[in-house]
Amino acid sequence: MTTQATELRMPPKPRNRWRTAAIVAALCTFTVLTCLPAIGGVELDFAGMVRNWANGADKMGELLRPDFSFLPRTITPMLETLAMAVAGAALAAAASIPLTLWAARPSNPNRVTRQVVRFIINVNRAVPDLVFAMVLVAMVGVGVLPGLITLFLFDVGVVVKLVSEAIEGADHHYIEAGQAAGGTQSQINKATLLPQSWTLYANQWLYSLELNVRISAILGIVGAGGIGRLLDERRGFYAYDDVSVIILEILVVVMIIELCSNLLRSRLR
């Protein structure tokens, strides 16, 4: 007895050419309108870009000739940057645990406290990092401390936002089981929700550590210490060969941190 395989025929995919044309036309119209300065769009000076192209080409040429004799001077500032990045991520990791539990609906049924925590986190995320750094430099002075506090605030905002949303988007049957067993919300969070969320926390903590090295290079522009301060100093002296060395060093450090983070993430899965 032989059986013949039946051919699976898929129905043709419905196509609406008029709808596709309307979407394309709407996108093109929006793009054109955003480029019209008369109605508040972005003014693009293509003639100026062409005239100044040579200046950018000269700067790129200087960046492509790094002076590696400058490398020893960058070691101490880079170590400061790594210390800021690790300390900021570690402090944010400790602070993000209770804040995330207060910001997520499954772990905090109280709407008032949940909305208060979310509002604070949203305000924190809305303020640019450079603004935090400028205010902190004015308050505590130039150095590593304002950069450390800025990285801490940035990491807390990112971790709490992403982890709390991930917790809300997951299924939590174990919470219902804990409630049926008569456990309090704090007991349920400690015994069930936290153990299920450690992987989420760890992924975001490692991600914030990667971001801290990049961000610290920008914070140095306003005097927040680390390698960014040296980068801004050499840029001010138009020493682009030294700037190139610093950029390459940041690139190597970020790649090493990302490699280590990926190895740790693979073990956490």
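1. Describing the overall build of the protein
Phase 1 of the analysis: A count of helical and extended segments in the protein gives 11 helices and 0 strands.
Phase 2 of the analysis: Taken from N to C terminus, the helices and strands of the protein fall in the order α-α-α-α-α-α-α-α-α-α-α.
Phase 3 of the analysis: Summing over all exposed atoms, the protein offers an accessible surface of approximately 17,300 Å²; the carbon and sulfur share of this is 66%.

2. What to know about the nonpolar core
Within soluble globular proteins, side chains that are nonpolar generally end up buried alongside one another.
Phase 1 of the analysis: Val 213, Ile 227, Ile 246 and Ile 250 are the most contacted members of the largest nonpolar core, which totals 16 residues.
Phase 2 of the analysis: Looking at this core, the elements that each hand over two or more residues are α4 (71–103), α9 (185–219), α10 (227–236) and α11 (240–268).
Phase 3 of the analysis: Broken down by element, the residue count for this core peaks at 6 residues, all from α11.

3. Examining the pattern of salt bridges
Phase 1 of the analysis: Tallying each qualifying case throughout the model produces 7 salt bridges.
Phase 2 of the analysis: Close ionic contact of Arg 118 with Glu 168 constitutes a salt bridge, the shortest N to O distance being 2.0 Å. Of this pair, Arg 118 sits in helix α5 (residues 111–126) while Glu 168 sits in helix α7 (residues 144–169), placing them 50 residues apart in sequence.
Phase 3 of the analysis: The network of salt bridges with shared partners includes Arg 73, Glu 233, Arg 234 and Asp 242.

4. Some thoughts on unusual backbone geometry
Phase 1 of the analysis: We note that Tyr 238 has phi near 55°; this positive angle belongs to a residue other than glycine.
Phase 2 of the analysis: With respect to the secondary-structure elements, Tyr 238 resides in the loop between α10 and α11.

5. Remarks on the packing of aromatic side chains
Phase 1 of the analysis: Inspection of every chain in the model, using the stated rule, returns 3 aromatic pairs.
Phase 2 of the analysis: Measuring from centroid to centroid gives 5.4 Å for Tyr 201 and Trp 205, while their planes differ by 35°, and the two rings are tilted. In this pair, Tyr 201 and Trp 205 are both assigned in helix α9, 4 residues apart and thus about one turn of the helix distant.
Phase 3 of the analysis: Taking the relative accessible area as the measure of exposure, Tyr 201 reaches 0% and is therefore buried.
Phase 4 of the analysis: The exposure class of Trp 205 is partly exposed, given its relative accessible area of 21%.

Rules behind the numbers
Residues numbered from 1 in each chain as written. Predicted model: local features only at pLDDT ≥ 70, side-chain atom pairs only at ≥ 80, totals over all residues. Heavy atoms only, no water. Helix = DSSP H or I, 4+ residues; strand = E, 2+ residues; numbered from the N terminus. Areas by Shrake-Rupley, 256 points an atom, 1.4 Å probe, with all protein chains shown as cover. Core = buried A, V, L, I, M, F, W, Y, C linked by side-chain atoms within 4.5 Å. Buried < 20%, exposed > 50% of the residue type's maximum accessible area, 1.4 Å probe, protein only. Salt bridge = Lys/Arg side-chain N within 4 Å of Asp/Glu carboxyl O. Phe/Tyr/Trp six-rings, centres within 6.5 Å; stacked < 30°, edge-to-face > 60°.

The values reported here are purely geometric and, on their own, carry no functional implication.
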